[in-house]
Amino acid sequence: MPGWLPRAMVLALALYACFQLGSWAFDQLIGLLTNILIAFFLALAIEPAVGRMAARGMRRGLATFLVFLAVTIFGVGFVVLLGSMLAGQIVDMVDELPKYIDSVINWVNQTFRTELSRVEVQDSLLHSDWLQKYVQNSATGVLDVSTTVLGGLFRLLTIFLFSFYFAADGPRLRRALCSVLPPARQTEVLRAWEIAVDKTGGYIYSRGLMALISGVAHYILLVILEVPYAPALAVWVGLVSQFIPTIGTYLAGALPMLIAFTVDPWYALWVLGFVVIYQQFENYVLQPKLTAKTVDIHPAVAFGSVIAGTALLGAVGALVAIPAIATLQAFLGAYVKRYDVMDDPRVQGGSTRAPGRPLPSRMRRLLRGHRAGDRGGAEGTSGGPRQRKQGPFGESSRHQR
């Protein structure tokens, strides 16, 4: 055995063990890494506001705390309004449930000529096996729901703590990162950080402005239709339609349509039509003007980035995909050298070929030639072709004259 072979085997086994250990550690820490990623983008989003307040003499820690306090108050208020709306609708549905059951039973009796009663239906439902199994499963699932809620609260607290430290200690974090890099690399890192702050903050603020405009527009419609809980529904439509990519518009419009349907079925159609029309106005008029300077990326690139982010990180990837791609595009655009495009028709979708006859005229000439050939063939079979008098050199007599 060569002397280097045992050392190579030991080295290969050590590398394989390190790879397995790294894979195991990554699988265990994927949740924490995802939370840190969300916290980092959240810190980038609030960095402009914190920077302006710090530039006016306020401490960064206090400025970050005030920003997070405003975000927390807004989020808690939104959840309380939405919860009160849902609770009120559930109470109204429970109060009206006997009337709904009576109307359904009367329709069934009149249509199918049965003799059902509400008491019999209620007894059969209460003593049914599937209802008892559902109650037992719900009772056993209470612990799972409580665990999920506590886990979500802990994750939210973790994200807020990391984002608070990233925003409050932003200069110290950049200084620590640049201290291990040469001066040339420090300039590139600081420039990339600045671009990320601009793009992420611009994306969040442009989306917030569009959410405000959308909420006001839908609030006016809901007030005109006299739909209950119009403020909460308007806030729901504005936030969900703007901050949930791809399917946010459909989720946002479903709840107002449902509430409007309880008032009048025709109101649900009015809400649906308004949602569709406003979405077109937002896509073609409002969004290009608001995001042209903040997040200037092609719609196809944005859609593909959302799909890729969802495939990699789920809902978190869908949320951070667009600002991440906008940051990468701006960073590459600052270093990629561009040239003037030559004046060529092919750039504009044209062609360098000489313009020919249009297709219909070509088809007509082809058909005429085909018909003339058919007539010539028919004359040749009936009387034979007409012979011309040839000259001594093979030319016709007309040419000789």
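Because the structure is a prediction, the values reported are computed rather than measured.

About the criteria used
- Per-chain numbering applies: the sequence of each chain, read as written, is numbered from 1 onward.
- With the structure being a predicted model, the display of local features is reserved for residues of pLDDT at least 70 and the display and counting of side-chain atom pairs for 80 or more, all residues being used for whole-chain, interface and lining totals.
- Values reported for side chains reflect all heavy atoms of the structure, with hydrogen atoms and water molecules removed beforehand.
- Think of each axis as a best-fit line through the C-alpha atoms, taken over the contacting stretch in the case of a helix, with angles from 0 to 180 degrees between the N-to-C directions.
- The helix count covers DSSP runs of H or I at least four residues long, the strand count covers runs of E at least two residues long, and both are numbered beginning at the N terminus.
- By definition, any crossing whose near helix is turned counterclockwise from its far helix by less than a right angle is left-handed, and any crossing with a clockwise turn is right-handed.
- We call two residues in contact whenever any of their non-hydrogen atoms come within 4.5 Å of each other.
- Should an angle fall under 35 degrees it is called roughly parallel, over 145 degrees roughly antiparallel, and 65 to 115 degrees roughly perpendicular, with every other angle called oblique.
- Side-chain classes are defined by residue name, with Ala, Val, Leu, Ile, Met, Phe, Trp, Tyr, Cys and Pro counting as nonpolar, Asp, Glu, Lys and Arg as charged, and the others, Gly among them, as polar.
- Exposure categories follow from relative accessible area, calculated using a 1.4 Å probe and restricted to protein chains: below 20% of the type maximum is buried, above 50% is exposed, and the middle band is partly exposed.
- Stacked, tilted and edge-to-face pairs are distinguished by plane angle, under 30 degrees for stacked and over 60 for edge-to-face with tilted covering the rest, among Phe, Tyr and Trp rings (Trp via its six-membered ring) whose centres lie within 6.5 Å.
- Nonpolar side chains (Val, Leu, Ile, Met, Phe, Trp, Tyr) are joined into patches within 5 Å and like charges within 9 Å, using only residues with over 30% relative accessible area and no salt bridge.
- Note that accessible areas follow from Shrake-Rupley with a 1.4 Å probe, and for residues the cover is restricted to the protein chains shown.
- Think of a salt bridge as a Lys or Arg side-chain nitrogen and an Asp or Glu carboxyl oxygen that are within 4 Å of each other.

Draft legend 1. Up close: the packing of helix α6 (residues 183-224) against helix α7 (residues 230-243). One way to put it is that α6 packs onto α7 with a least axis distance of 7 Å and a crossing angle of 145°. Of the two possible hands of crossing, α6 and α7 adopt the one that is right-handed. For the pair α6 and α7, contact is made by Ile204, Arg207, Gly208, Met210, Ala211, Ser214, Gly215, His218, Tyr219, Leu222 and Val223 and by Ala230, Pro231, Leu233, Ala234, Val237, Gly238, Leu239, Ser241, Gln242 and Phe243, respectively.

Draft legend 2. Layout of the packing of α7 against helix α8 (residues 248-263). At a closest axis distance of 7 Å, the pairing of α7 and α8 adopts a crossing angle of 165°. With respect to α8, the element α7 is oriented roughly antiparallel. α8 is crossed by α7, and the crossing has right-handed handedness. Where α7 abuts α8, its residues Leu233, Trp236, Val237, Val240 and Ser241 lie against Gly248, Thr249, Leu251, Ala252, Leu255, Pro256 and Ile259. For the contact of α7 with α8, a count of residues per class yields 9 nonpolar, 3 polar and no charged.

Draft legend 3. Representation of the side chain of serine 214. By the element assignment, serine 214 lies in helix α6. Residue class for serine 214 comes out buried when judged on its relative accessible area of 1%. Residues contacting serine 214, with those up to four places away along its chain left out, are Val237, Gly238, Ser241, Gln242, Tyr278 and Glu282.

Draft legend 4. Molecular detail of the packing of aromatic side chains. All told, the structure shown has 10 aromatic pairs when counted by the stated rule. Judged by centre distance (6.2 Å) and plane angle (40°), the ring pair of phenylalanine 162 and phenylalanine 166 falls under tilted. On the criterion of helical spacing, the pair formed by phenylalanine 162 and phenylalanine 166 is a turn pair, its members being 4 residues apart in helix α4 (residues 129-168). Ring centres of tyrosine 278 and phenylalanine 281 lie 6.1 Å apart, and the angle between their planes is 50°; on these two criteria the pair is classed as tilted. In this pair, tyrosine 278 and phenylalanine 281 are both assigned in helix α9 (residues 265-291), 3 residues apart and thus about one turn of the helix distant. You can call tyrosine 278 buried: its relative accessible area is 8%. Taking relative accessible area as the criterion, phenylalanine 281 reaches 40% and is therefore assigned partly exposed.

Draft legend 5. Fine view of a nonpolar patch on the surface. A cluster of nonpolar side chains, namely Leu209, Leu212, Ile213, Val216, Tyr219, Ile220, Val223 and Ile224, defines an oily patch on the protein surface of about 710 Å² accessible area. Looking at the element boundaries, valine 216 is found in helix α6. For valine 216, a relative accessible area of 43% puts it in the partly exposed group.

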